[in-house]
Amino acid sequence: METYQVDLSEIALRIRREIVRMVYNAQSGHPGGSLSIADILTVLYFREMNIDPKNPQDPKRDRLILSKGHASPALYATLALRGFFPVSDLAGFRKIDSHLEGHVSREIPGVEVSTGSLGQGLGVGVGMALASKIDGLDYRVFVILGDGEMEEGNVWESLMAGYKYNLKNLVAILDRNGIQLDGYTRDIMPLHDIHAMVESFGWNVMEIDGHSFSEIENAIERSKRSDRPTFIIANTVKGKGVDFMENNPKYHGSPPESEDLYRRAMKQLGEEI
Amino acid sequence: MKTESLRDVYGKELVKLGSVDRNIVVLDADLSSSTKTGYFANAFPDRFFNMGISEQSMVTAAAGLALSGKKPFVSTFAIFLTRTYEQIRQSVCYNNAPVRFVVTHGGITVGEDGATHQIVEDVGIMAGLPNMNVIVPADSVETRSVIDYLAGVDKPHYVRLSREKFPVINDEDYEFRMGRSKTMRDGNDITIVADGVMVSKSLEAAEALKKQGIDARVINMSSIKPIDRDAIIKAARETGHIITAEEHSIYNGLGSRVAEVTSEYYPVPVRRIGMRDTFGKSGKAWELFSYFHMDVKDIINEAMTCLEEKNYENIP
């Protein structure tokens, strides 16, 4: 595996800037839940995952499924910065002459699975982990879920399957930002005690600060020693890094609505003006 | 006439394929003793996954397996697969993951279990999906050939089998070809295009019509999508009126697809025999065909009506 001597915080900031730029250019897209997973993706793609942009179909590669496919800007920015396709492609996000579909599409280099309808990614991850068992390969399968997504029954069915087949190389990461499209998850459909709920399904559950590189890294390292599938509850802030977007349900699916707000966001994310 | 179970042939053929191709994996949702994937489960327990009564989990896992180079066969009852329509759309078809859905207990031949279990909409639902291919075999011989064909495909496929045994109407050496129909009996007075068990019923009807001096062509259109357009256009041109017969709703199934082809390329009257926008009901499987006006006599009657119309049209 290549090792990257890189400044993770610089990369995460760059990803965040690209996210805001993409949704502002497209005047559509989902910035809130993209900004909340930027640090998680940074650690996965620039430190943890065994991947090679020059050999994206290597059977031994680690897989990542962004089950919350509306956070496509975050994944696209990450893949571009990691070298899967040119960063200049990001300007085409959601446009008719671009390959960067509104929701995550498998046509894009580095993307394993098309997603966008919630609740399905963990199940696909179960299938990929089963395949690794049959083939005797020890690649890892990461699935990033949203907390609103936990309301989908498919997720719980797949949790059962992950336990049954003891898929130790399957790691689900929950972007626990507390907000879904219509408002706060605690109001829309409260997840009483998500930690206990998933643990009772037989999974190895950890809870971390989803914006701390060391906690993310540490949790993923610990998951390698687990004798069960792992579920990491990453407590995050929706809209992280942009003051007017943070914890604001409005920015689940809306871009900055004026150039002033766009400039303000970019400045906060470290853009030199 | 000799009858044979399609699902039993399916289960046995899977074992045969599984012994030569290690990439074949099978998923079921607690119905393996009915769908007959249980044979495979016994032979290759490491490549069989009983996902429990969790069809959404089953379908998404199958997508993951297919995207990792496996050849998944997914089985349950036809009715229960349709609850995962959206998983099939997003995770299977949009990803173009070559998942082979082979469902049993399609249509009204489910019999006594009644309307809740008799799905007559599935062919239309599946054929509407981009990348999906749809096959409704007519008998056990065709089923065996279809299952062999599925081992080599690189796109999603849906194959609808039945609970009941069907009359065996194909010779042992018959080979299924995707997108191609088989003319079971030639004739130039009228054409009956059928799929599934309705092919054997149509052959019976054609036999009876022959006694009245009417030559009916009978086409087995097991490949619903892609459909054999040429055979339909040829029939329209050579025989005029077409009757379709399917153990399915007349909406969105074989009848609709045949009518699409004729109306675009060679318009002739198309009369559809099938379920007429209604749910099924409990009863013995073969009684239900008469109850829903889908039996041999109904095909004969429809043919006679068509021919009367044709004669009327031909009066100068």
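Basis of the calculations
Residues numbered from 1 in each chain as written. Chains lettered and ligands numbered in written order. Predicted model: local features only at pLDDT ≥ 70, side-chain atom pairs only at ≥ 80, totals over all residues. Heavy atoms only, no water. Domains from an automatic or database assignment. Contact = heavy atoms within 4.5 Å. Buried area = accessible area lost by both parts, 1.4 Å probe. Salt bridge = Lys/Arg side-chain N within 4 Å of Asp/Glu carboxyl O. Polar contact = N/O pair within 3.5 Å; in protein donor to acceptor, adjacent residues only side chain to side chain. Buried < 20%, exposed > 50% of the residue type's maximum accessible area, 1.4 Å probe, protein only. 1 Å grid on protein atoms, 1.4 Å probe; cavity = no way out; pocket = protein on both sides within 12 Å on 5 of 7 lines; lining within 4 Å. Points joined across faces, edges and corners; volume = space filled by probe spheres on them. Nonpolar A, V, L, I, M, F, W, Y, C, P; charged D, E, K, R; others polar. Pairing = 2+ DSSP bridges. Helix = DSSP H or I, 4+ residues; strand = E, 2+ residues; numbered from the N terminus. Axes fitted to C-alpha atoms, helices over the stretch in contact; angles between N-to-C directions. Core = buried A, V, L, I, M, F, W, Y, C linked by side-chain atoms within 4.5 Å. Parallel < 35°, antiparallel > 145°, perpendicular 65-115°, else oblique. Left-handed = near helix turned anticlockwise from the far one by under 90°. Expected span 1.5 Å × (residues − 1). Phe/Tyr/Trp six-rings, centres within 6.5 Å; stacked < 30°, edge-to-face > 60°.

1. Details of the domain arrangement of chain B
Note on interface size: it is often stated as the accessible area lost on association of the parts. All names here are of chain B. Examined at the domain level, chain B breaks down into domain 1 (3–167) and domain 2 (182–314). Taken residue by residue, the interface counts 32 residues in domain 1 and 30 residues in domain 2. Of the roughly 2,200 Å² buried where domain 1 meets domain 2, counting both sides, 58% is carbon and sulfur surface. Remark: the boundary between domain 1 and domain 2 carries 0 salt bridges. Seen at the junction of domain 1 and domain 2, the total is 21 residue pairs in polar contact (both at pLDDT 80 or more).

2. Focus on unusual backbone geometry
All names here are of chain B. Cis rather than trans, the peptide bond between Lys225 and Pro226 has omega equal to 0°. A positive phi is found at His105, a non-glycine position, where the angle reads about 60°. The class of His105 is buried, set by a relative accessible area of 6%.

3. Some words on the layout of surface pockets
Looking at the largest pocket, its volume works out to about 270 Å³. Residue lining of the largest pocket: 18 residues in total, with Gln57(A), Arg61(A), Arg63(A), Glu112(A) and Leu67(B) positioned closest to the centre. Residue composition of the lining of the largest pocket, by class: 9 nonpolar, 4 polar and 5 charged.

4. Comments concerning the sheet that holds strand β7 (residues 230–235) of chain A
All names here are of chain A. Pairing within the open sheet is parallel, and its 5 strands lie in the order β1-β2-β3-β7-β6. Pairing within the sheet leaves two strands with one partner each, and these edge strands are β1 (63–66) and β6 (204–209). Taken over all neighbouring pairs, the strand axes of this sheet differ in orientation by 20° on average, direction set aside. Pairing analysis gives 6 bridges linking β6 to β7, with the strands arranged parallel. The partner of Ile208 across the bridge, within β7, is Ala234.

5. Notes on the nonpolar core
Membership of the largest hydrophobic core comes to 81 residues, with the highest contact counts inside it found for Phe231(A), Leu27(B) and Phe101(B). Top contributing element to this core by residue count: helix α5 (residues 121–135) of chain A, with 8 residues. Each of two domains, domain 1 (3–167) and domain 2 (182–314) of chain B, supplies a minimum of three residues to this core. Among residues more than four places away in sequence, those in contact with Phe231(A) are Leu145(A), Met150(A), Leu159(A), Ala172(A), Leu174(A), Val198(A), Trp203(A), Asn204(A), Val205(A) and Met206(A). Residues Phe85(A), Ile173(A), Ile208(A) and Met266(A) belong to the second largest nonpolar core, which totals 58 residues.

6. Some remarks on the packing of helix α1 (residues 8–26) of chain A against helix α10 (residues 259–268) of chain A
All names here are of chain A. Following both chains from N to C, one finds α1 and α10 inclined at 165°, their axes separated by 10 Å at the closest point. In terms of orientation, α1 lies roughly antiparallel with respect to α10. The way α1 lies across α10 gives a crossing that is left-handed. Facing Arg17, Val20, Arg21 and Tyr24 of α1, the residues of α10 in contact are Glu259, Tyr262, Ala265 and Met266.

7. Let's talk about α5(A)
All names here are of chain A. Between its first and last C-alpha atoms α5 spans 21 Å; for 15 residues at 1.5 Å apiece the expected length is 21 Å, and the two agree. Of all 15 residues in α5, 13 are buried; the element is thus mostly enclosed. Phi turns positive one or two residues past the end of α5, at Gly136, with a value near 65°.

8. Remarks on the packing of aromatic side chains
Residues and elements named next belong to chain B. Evaluation of the coordinates by the stated rule reveals 12 aromatic pairs over all chains. Taken together, a centroid distance of 6.4 Å and an interplanar angle of 65° make the contact between Phe166 and Trp286 edge-to-face. Taken together, the residues Phe166 in strand β8 (residues 165–167) and Trp286 in helix α12 (residues 285–291) connect sequence positions 120 residues apart. A relative accessible area of 35% means that Trp286 is categorised as partly exposed. Centroid distance Tyr291 to Phe292: 4.9 Å. Interplanar angle 80°. Geometry classified as edge-to-face. Each residue in the set Phe166, Trp286 and Phe289 is aromatic and connected to the rest through ring pairs, giving one cluster.

9. Points about the environment of Ile144(A)
Residue and element names in this part refer to chain A. Within the secondary structure, Ile144 sits in strand β2 (residues 141–146). Its relative accessible area of 0% is what places Ile144 among the buried residues. In this structure, Ile144 is in contact with Ile37, Ile40, Leu41, Leu44, Leu64, Ile65, Leu66, Ser67, Lys68, Glu149 and Ile173, ignoring residues within four places of it in sequence.

10. Side note on the environment of Val141(B)
Residues and elements named next belong to chain B. Along the polypeptide, Val141 turns up in helix α8 (residues 140–150). Put simply, Val141 and Val9 are 132 residues apart on the chain and 8.2 Å apart in space, counted from C-alpha to C-alpha. With residues near it in sequence (within four places) discarded, Val141 still touches Val168, Asn170, Asp171, Glu172 and Tyr174.

11. Observations concerning the side chain of Ser200(B)
Residues and elements named next belong to chain B. Residue placement: Ser200 occurs in helix α9 (residues 198–211). Under the relative-accessibility criterion, Ser200 is labelled buried at 7%. One polar contact links the side chain of Ser200 to the main-chain carbonyl oxygen of Val197, over a distance of 3.0 Å. Leaving out residues up to four positions away in the same chain, Ser200 has contacts with Pro167 and Ile169.

12. Topic: the pairing of strand β2 (residues 24–28) of chain B
Residues and elements named next belong to chain B. Among the 5 residues in β2, 5 count as buried, and that is most of the element. Where β2 meets strand β4 (residues 71–75), 5 bridges bridge the pair, whose relative direction is parallel. Opposite Asp28, over in β4, you have Ser75 as the bridge partner. Here 3 bridges tie β2 to strand β3 (residues 48–50), and the two strands are oriented parallel to one another. For Val26, the partnering residue across the bridge sits in β3 and is Phe48.

13. Describing the packing of helix α1 (residues 6–20) of chain B against α8(B)
Residue and element names in this part refer to chain B. Viewed as axis vectors pointing N to C, α1 and α8 meet at an angle of 30°, and their least axial separation amounts to 9 Å. Judged by the sense of rotation from one axis to the other, the crossing of α1 with α8 is right-handed. Of the residues in α8, those touching α1 at Leu6, Val9, Tyr10, Glu13 and Leu17 are Ser140, Thr143, Arg144, Ile147 and Asp148. Residue classes in the contact of α1 with α8 are distributed as 5 nonpolar, 2 polar and 3 charged.

14. Quick look at the pairing of β4(B)
Residues and elements named next belong to chain B. In terms of burial, β4 is largely enclosed, as 4 of its 5 residues are buried. One ladder, built from 2 bridges, connects β4 with strand β5 (residues 100–103); its direction is parallel. Paired with Val74 across the strands is Phe101, a residue of β5.

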